[in-house]
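Summary of structural features
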Amino acid sequence: MDAITAELNELFAGSSPDGLPQDVLAELLSILRVHSIPAQELFYKWESYCLKMGPEETRMNLDTVRAFKRDVQEALERDSRSKTGRHAEKRGAVTATPRATASSDMFDMLDGLTPGGRMANGSAKRKSDFGSPLVAKVGKAEKTGSPMNGKTPSRPANGVGADGTQPMPFSERQNPGQIVETINSHLQPSEPPMAPFPEARIRPTANTDMKKFGYKPMAMRLSESSEILDDRIDEFTAIFQKEFPAEELTFGSASTQSTSEVIAVGRIASDTLEGKLNPASLMLETSRRSGAGLRVPLKVDSLPSINFFPGQIVALKGINASGEYFSVTEVLSTPLLPLAASSPATLEGINERLYEADVNPPLNVFVASGPYTADDNLDFEPLREICEKAAESYADGVILLGPFLDIEHPLLASGDFDLPELDGVDPETATLTTVFRHYISTQLQKLASAVPSITIVLVPSVRDAVSKHVSWPQEALPKKELGLPKQARVVCNPVTLSFNETVVGMCSHDVLYELRREEVLHGRPREGNLLTRLPKYLIEQRHFSPVYPPSARENLPKAGTETGLATGAMLDISYSKLGDWWNVRPDILISPSVLPPFVKVVDSVLVINPGTLSKRRSAGTYARVSIHPREISDEEREQKQLGHKLYERARVDIIRI
């Protein structure tokens, strides 16, 4: 029992950093005992419950855990009833003769094609843990007057979602402005100056060749894809060989039968195209150069613990004595990229420009990720609110990651909504660009007018309806066409920028959710905290989206469209190398996800998941970063390069919008 208690405290450390209260712990242990489920599965169910209910309803306390307990019980009962119904249908199908009824045709040939028809298998579709509001056809509403106070029609009339929950109006959201999590709380947050600065304090520089992202999508060739996958294995082989000299260890192929112990480098894969990766289905895929491209089963029974995911490049020490499988005795640690660094003269110049005489406050940067409006409207109230917050505090920078106009939004997916009356715009000929200009660009224009010195960065998403580039990696949005202000900088997805000396890597794709779902664990992993382990994968693999193949669309959180099918990664393998990190680790890694928002220091990288600014039925969260100056000692002035140590001098607050 002590081991289970310790495991629960470790899994739920993100919700209760100081340990679970005794009453909450007793309820969780009761759930494990009654339903006979492991602690890891209970934690996954809790995450699903958090995504469904929103952050306001999922604070870790006794009332919330009891509600969670009821939800788990109801979900299991629904699943049991569904299975019982299917068994009854099968038994009836053997003996009963099909008969036509008033609501059905013989042999159910028209099911799903006629109004009110039931599903082809005769059973109701089971709700997912990630339930979204029911996607009904939205009726047109009356046109509103002024575009400033225009409101879009809400769906459905009673406002009740598919899972029985009611969307919360943005004006009635709970605990706005509440700080959910903070790192480096001993540092002071940035205070607004008396007036806007006369010039921009942030000078962004792209560390990514964004011209390469303008490739032609949907033109992937099988030969190019296989070469890219092979090259990645060979590149990591060279990295491991440099880290572990040949005098100490022998590198070889896992597919070659031998009684000698070798180090084999390859890609983690599964022995089946379907189902989740597990310890019994692990395989190591070799490159054509090192192992003729063969896949070799892995035997990991002798290891105390493993944590892998499909697509991970690993170096394994072991023996293939039988020629049938590779018996692993050790998983070698992956060498990391060096930390970002600058010369002392460069850092002193930045300090003199930004923090002269200790009068100017720390750099103030807002970070938010879409969606930017709830499923039942197109008012974009969360976006308006964060722009007002940035204007009030005279923010130095705002980083906005897509989706902006989300193709998974029910109203945008159906196209059944009305625009407010706009001067010179015919509603019948309006395009999604018009919608973007009205709802997004207008707010950014106001922000730029209020704070002329601000720097606005827009990162697209494959879910953006206005993006013509349908695959990942993804080129930037068309700035001129969308009517964005001159302070706005449109970048590709993913991208690495330098804000003065600070290196910031960001990607709008939710790779953390994919890693959480696809990873396979055996024993207790060395890094027990899930929210630390997931970004560590990215740092070790030196890539913004290392999962291969990406998660199936059916396994992702349901979209708000009629089919409920998520967009997914939309990975173009031929150009996946554009997702590689460059020659250093970023100081800040921004990786938005539907997982609970967090900020962590992982391998000297400040990892930020700001959450989504708007959830499907409630308000979300954003991050505020206050970057203090890099102090240089007399000894450090003699060095050629100095690490930025941003994880020590940046305060990050995760805040409810």
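Heads up: these notes are all about the structure in this document. These numbers come from a predicted model, not from an experiment.

Turning next to the environment of L298. Examined against the element boundaries, L298 turns out to sit in strand β5 (residues 295-299). A sequence separation of 20 residues divides L298 from G318, and the C-alpha atoms of the two residues are 9.7 Å apart. Beyond its immediate sequence surroundings of up to four residues, L298 is in contact with I268, P279, L282, M283, L284, L316, F326 and V328.

For the rest of this paragraph, the subject is the pairing of β5. Going residue by residue along β5, you find V296 and L298 tucked away on one face and R295, P297 and K299 left uncovered on the opposite face. Here β5 pairs with strand β8 (residues 326-331) via two bridges, running parallel. Across the sheet, the residue bridging to K299 is S327, located in β8.

The next thing to look at is helix α1 (residues 2-11). Among the residues making up α1, those that are buried are T5, L8 and L11. Angularly, the buried residues of α1 cover 130° about the axis, an arc narrow enough to put them on a single face. Opposite the buried face of α1, at more than 90 degrees from it, the exposed residues are D2 and A3.

The element strand β22 (residues 650-656) is largely enclosed, with a buried count of seven among its seven residues. The side-chain alternation of β22 yields two buried faces, one formed by A650, V652, I654 and R656 and the other by R651, D653 and I655. With four bridges joining them, strand β1 (residues 179-183) and β22 adopt antiparallel strand pairing. Looking at the pairing, E181 lines up with I654 of β22. The pairing of strand β20 (residues 621-627) with β22 spans seven bridges and is classified as antiparallel. Along β22, the bridge assignment pairs V625 with V652.

Overall, mixed pairing links the five strands, which are arranged β3-β4-β5-β8-β7 in a closed barrel. Averaged over all neighbouring strand pairs, the angle between strand axes comes to 55°, with direction disregarded. Lying over the sheet, helix α5 (residues 222-243) contacts β3 (258-270), β4 (282-285) and β7 (313-320), oriented at roughly 135° with respect to β3.

Another aspect to go through is helix α10 (residues 432-450). In this model, α10 (19 residues) spans 26 Å end to end at C-alpha, consistent with the 27 Å of a helix rising 1.5 Å per residue. The principal kink in α10, of about 40°, is found at S441. Listing the buried residues of α10 in full gives T433, T434, V435, F436, H438, Y439, I440, S441, Q443, L444, L447 and A448. Residues of α10 that are buried sit in contact with α8 (381-392), β11 (397-401) and β12 (455-459).

A word on unusual backbone geometry. Leave glycine aside and you will find that most residues have negative phi; peptide bonds, for their part, are mostly trans. Cis geometry is adopted by the peptide bond preceding P403, which originates at G402 and carries an omega value of 10°. In this chain, W472 is followed by P473 through a cis amide linkage whose omega measures 0°. The phi dihedral of N500 falls on the positive side, at around 60°, and the residue is not glycine. Looking at where N500 falls in the secondary structure, it is placed in the loop between β14 (495-499) and β15 (502-506). Notably, D603 is not glycine yet its phi reads approximately 50°, a positive angle. Inspection of the secondary structure puts D603 in the loop between β18 (598-602) and β19 (605-609). Assessed through its relative accessible area of 22%, D603 is described here as partly exposed.

For the rest of this paragraph, the subject is the pattern of salt bridges. In the structure shown here, the tally under the stated rule is 27 salt bridges. The shortest N-O distance in the salt bridge between E330 and K317 comes to 3.2 Å. Here the residue E330 occupies a position in strand β8, and K317 occupies one in strand β7, the gap between them amounting to 13 residues. Residue K317 is classed as buried on the basis of its relative accessible area of 15%. Between E518 and R517 there is a salt bridge, with its nearest N and O atoms 3.3 Å apart. For E518, a relative accessible area of 9% gives the class buried. Taking the relative accessible area as the measure of exposure, R517 reaches 23% and is therefore partly exposed. Three or more residues are tied together by salt bridges with common partners; here these are D375, D406, E408, R463 and R616.

Quick notes on the rules
Residues numbered from 1 in each chain as written. Predicted model: local features only at pLDDT ≥ 70, side-chain atom pairs only at ≥ 80, totals over all residues. Heavy atoms only, no water. Helix = DSSP H or I, 4+ residues; strand = E, 2+ residues; numbered from the N terminus. Contact = heavy atoms within 4.5 Å. Buried < 20%, exposed > 50% of the residue type's maximum accessible area, 1.4 Å probe, protein only. Pairing = 2+ DSSP bridges. Arc of directions from axis to C-beta. Axes fitted to C-alpha atoms, helices over the stretch in contact; angles between N-to-C directions. Expected span 1.5 Å × (residues − 1). Bend = angle between axes of the 7 residues up to and from the residue. Salt bridge = Lys/Arg side-chain N within 4 Å of Asp/Glu carboxyl O.

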